[in-house]
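Architecture and fold: a report
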Amino acid sequence: MAEGKDLHLEGVTKRFGSFVAVDDLTLTVPEGSFFALLGPSGCGKTTTLRMVAGLEDPTLGRVLIGDEDVTQLRPYKRPVNTVFQSYALFPHLTIFENVAFGLRRRGVKDYRKQTADMIELVQLGPYADRKPSQLSGGQQQRVALGRALINEPGVLLLDEPLGALDLKLRRQMQIELKRIQTEVGITFVHVTHDQEEAMTMADTIAVMNHGRIEQLGAPGELYENPSTTFVANFLGQSNLIRTEVVETTGTAVTVDCNGQKVSVDSTRSHADGRSAWLGIRPEKIFASESGAEKQGENRLSGGRVTDVSFVGVSTQYLVAMPWGQELMVFEQNTGQRPPLRHGTEVDLDWSSSHAYLLDAQQDATAGLMTPEDAE
Amino acid sequence: MTARATTTDSDPVVDGETSKRRGRGWLLLVPGMLWLAAFFLFPTVQLFFTSLYDPSGSYEQGYAMTWQFSNYVDAVRDTWNLFARSFLYAGTATVICLALGYPLAYAIAFKAGRWKNVMLVLVIAPFFTSFLLRTLSWRTILSDQGPVTDVLQTIAILPEDGRLLATPVAVIAGLVYNFLPFMTLPLYASLDKVDHRLIEAAGDLYASPVRGFRRVTFPLSMPGVVSGTLLTFIPASGDYINAELLGTPNQYMVGNRIQSAFLTERNYPLAASLSLILMAIVVVMVVIYVRRAGTEELL
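Because the structure is predicted, anything quoted here is derived from the model rather than measured.

Reading the values: rules and limits
Residue positions are given per chain, counted from 1 along the sequence in the order it is written. Each chain is given a letter, starting from A, and each ligand a number, starting from 1, according to the order in which they appear as written. With pLDDT at 70 or above as the cut-off, local features in this predicted model cover only qualifying residues; side-chain atom pairs require 80 or more to be listed or tallied, and sums for whole chains, interfaces and linings still use all residues. Going along the chain from the N terminus, every DSSP run of H or I of four or more residues is numbered as a helix, and every run of E of two or more is numbered as a strand. Computation of the radius of gyration draws on C-alpha atoms alone. For the globule rule, the value is 2.2 Å times the number of residues to the power 0.38. Around each residue's C-beta, the other C-beta atoms within 10 Å are counted; 20 or more make the residue buried, 12 or fewer make it exposed, and counts in between make it partly exposed. All C-beta atoms are placed from the backbone. By the convention adopted here, residues make contact when the C-beta atoms placed from their backbones lie within 7 Å. Residues were grouped as follows: Ala, Val, Leu, Ile, Met, Phe, Trp, Tyr, Cys and Pro as nonpolar; Asp, Glu, Lys and Arg as charged; and all remaining residues, including Gly, as polar. For every domain, the bounds stem from an assignment made automatically or drawn from a database. In this usage, the nonpolar core is the set of buried Ala, Val, Leu, Ile, Met, Phe, Trp, Tyr and Cys residues whose C-beta atoms join them within 7 Å. For two strands to count as paired, DSSP must find a minimum of two bridges between them. Here, axes are lines fitted to C-alpha atoms. For helices the fit covers the stretch in contact, and angles between N-to-C directions go from 0 to 180 degrees.

Each helix and strand counted, chain B has 13 helices and zero strands in total. Beginning at the N terminus, the succession of helices and strands in chain B can be written as α-α-α-α-α-α-α-α-α-α-α-α-α. Taking 2.2 N^0.38 as the reference for a compact globule, 299 residues should give roughly 19 Å; the C-alpha atoms of chain B span a radius of gyration of 25 Å, well beyond that estimate. With the C-alpha coordinates of chain B rotated into their principal frame, the extents come out at 80 × 65 × 35 Å. Looking at the 299 residues of chain B, the share that counts as buried comes to 33%. Taking as baseline every contact in chain B between residues at least 6 positions apart, the subset at least 24 positions apart corresponds to 69%.

Here's what the structure looks like:
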């Protein structure tokens, strides 16, 4: 069994001319963990990965693997291997030779046996003598994975490894990658722009934006308690409502939301000004016909359903509020009650432990998918 | 793991429509085929018949067709040393061209950056002047009083009375000079196509730059190596200008003999049989070479 190693980045900065791709990044990835760097294209996640691999030199800062400072080491001397986005399989070599490449360069005598075992692990046994071009995308992906894993690197880097696969295959490979990671115990650092992929696989996610880490934590933690508008919008969907802070106690913050008071647990407040964005996930809101019994500590009344979309597992409502904003409300189709109809007057209820307060200085649209980002 | 191939490799739909279209596609070959028939096939057949004429005929009186296969025996007997010299010179020139052209093509493909196009133009620039003129100017460069001879004599690589012109060195140097672009351009074309990410991947998999080059970059540039060496070796082995202008009859290659047989002696049967022998040997060598290089599919 391979030994994973810690990965430390200390004040790593990368500039291309005047463009700062990675800005003073400090990060520790504990050994054996599955770590995801998540962010939109151009956020610096791939550059970070390439600096770990040694394919880019940091402008400033240090990269350590285990206790070893590898900042000055050439790529071929680093105990890391990469699964490239394009796979970068050697087209003139067979699958066997591709997988054996790293072992042979290090002069491992027993490479035949190990290579055959690895090809079995990634279930490509019948294809060992073929060339990469004779394989499908999913098979090539597994060759790329096997070719990197066989070297038992301290850290395995994955650069959008599933990006070229179709959705169904991607789901399968996500589960497969997670299983292999648990089996081999190597530290995985996975770069992706797909938030669902990151949440499915990683123990820890660092959300990156403009070369910095916005927030780092377990997927559930990031999703349930985002600390910036970027994270709130990039990971899942959020309703962000402009509010004024009226009272702060030890356990709760009360805010005025266009004349109606609601409260948020103080551990979930990331704002310190007089104003704040009140954030609440659409599926955490319960909409009921106005005047019905309150379902949580908080209620905003005066809404009216303006759109009803049935999407199978859930029904998604748009609710127009008195101040003109439309809020999203998702409800599971449990069949417990009939769906609300268009035009119904509703009250929106939620629990104080589900909302969050974000800095009012931040852009409420940060991290939203623009049409050109959409796949 | 249950992931299976999801791509459909081939589409077996061949209906009347597509086969009709495919039929029309062959029309595109017609002009090229006609050209080859008129300017390669016909002259080659003509050459073959000429090579079997009675050698006692002459240009003025005409030749009689006597199926004189002994022409070939005579040609080989009298000129085998010229063939040997041709292939030796052409082979040496090809090796030197590869040694000079590969680093040059590599630098243009990977290191030249925005100077890439300028450097490519410089490689081709000699073609703007006539082949003959450029070779003549090499006579000046390599002449006994020329700077190259002077320098080599001064640093005692060449003896005091040594010369460059009229030696095999001069002929091979001329061949190298004249055919270098034919080596460099195909090498550049295939090196330029090498995916830079593959070289990165080799480095990521513990290959030092030297080993990465040996295991990845060089094998991927083999199509360029093969076509470059062929484009150099084939014309160089039939060349006569360099031997004529930079050498003496002691450096003459088979091309010189063919040229004089055709144009001076007007011994057409001999010239034709020499040409065909040269062609046959080159074809056999090329086939063996391409097989050995394992690049049939890449050519």
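Counting its secondary structure elements, chain A contains eight helices and 20 strands. Taking the principal axes of its C-alpha atoms as reference, chain A extends roughly 75 × 45 × 35 Å. Taking all 375 residues of chain A together, the buried fraction comes to 45%. Contacts spanning at least 24 positions in sequence make up 66% of the contacts within chain A whose residues lie at least 6 apart.

Take the interface of chain A and chain B next. Taken together, the 26 residues of chain A in the interface contact 20 residues of chain B. Within the side of chain A that touches chain B, the residues separate by chemical class into 10 nonpolar, 11 polar and five charged.

This part is about the domain arrangement of chain A. What the domain assignment reports for chain A is domain 1 (7-224) and domain 2 (237-359). For domain 1 of chain A and domain 2 of chain A, the distance between their C-alpha centres works out to 40 Å.

It is worth spelling out unusual backbone geometry at this point. All names here are of chain A. Although it is not a glycine, His210 adopts a positive phi angle of roughly 50°. Assignment of secondary structure puts His210 in the loop between β9 (204-209) and β10 (212-217). Even without being a glycine, Asn258 presents a positive backbone phi close to 50°.

This part is about the nonpolar core. Within the largest apolar cluster, 157 residues are counted, with the highest numbers of intra-cluster contacts made by Val52, Val189, Val207, Leu278 and Leu357 of chain A. In terms of residue count, helix α7 (residues 168-193) of chain B provides more of this core than any other element does, 14 residues in total. Mapped onto the domain boundaries, this core takes at least three residues apiece from domain 1 (7-224) and domain 2 (237-359) of chain A. Not counting residues up to four positions away in its chain, the partners in contact with Val189 of chain A are Leu7, Val29, Phe35, Leu37, Leu49, Val52, Val155 and Leu157 of chain A.

Here the focus is the sheet that holds strand β18 (residues 326-332) of chain A. Residues and elements named next belong to chain A. Judged by pairing direction, the sheet is antiparallel, and its five strands sit side by side in the order β15-β19-β16-β17-β18 without closing on themselves. The open sheet is flanked by β15 (286-289) and β18, the only strands paired with a single partner. Sheet twist, expressed as the mean angle between neighbouring strand axes with direction ignored, is 45°. The sheet contact formed by strand β17 (residues 314-320) and β18 spans seven bridges and is antiparallel. Following the sheet pairing, Val319 is matched in β18 by Leu327.

Residue and element names in this part refer to chain A. Note that strand β12 (residues 252-257) and strand β13 (residues 260-265) share six bridges and pair antiparallel. Along β13, the bridge assignment pairs Asp256 with Lys261. Once β12 ends, the chain turns through two residues before running back antiparallel as β13, passing Asn258 with a positive phi of about 50°.

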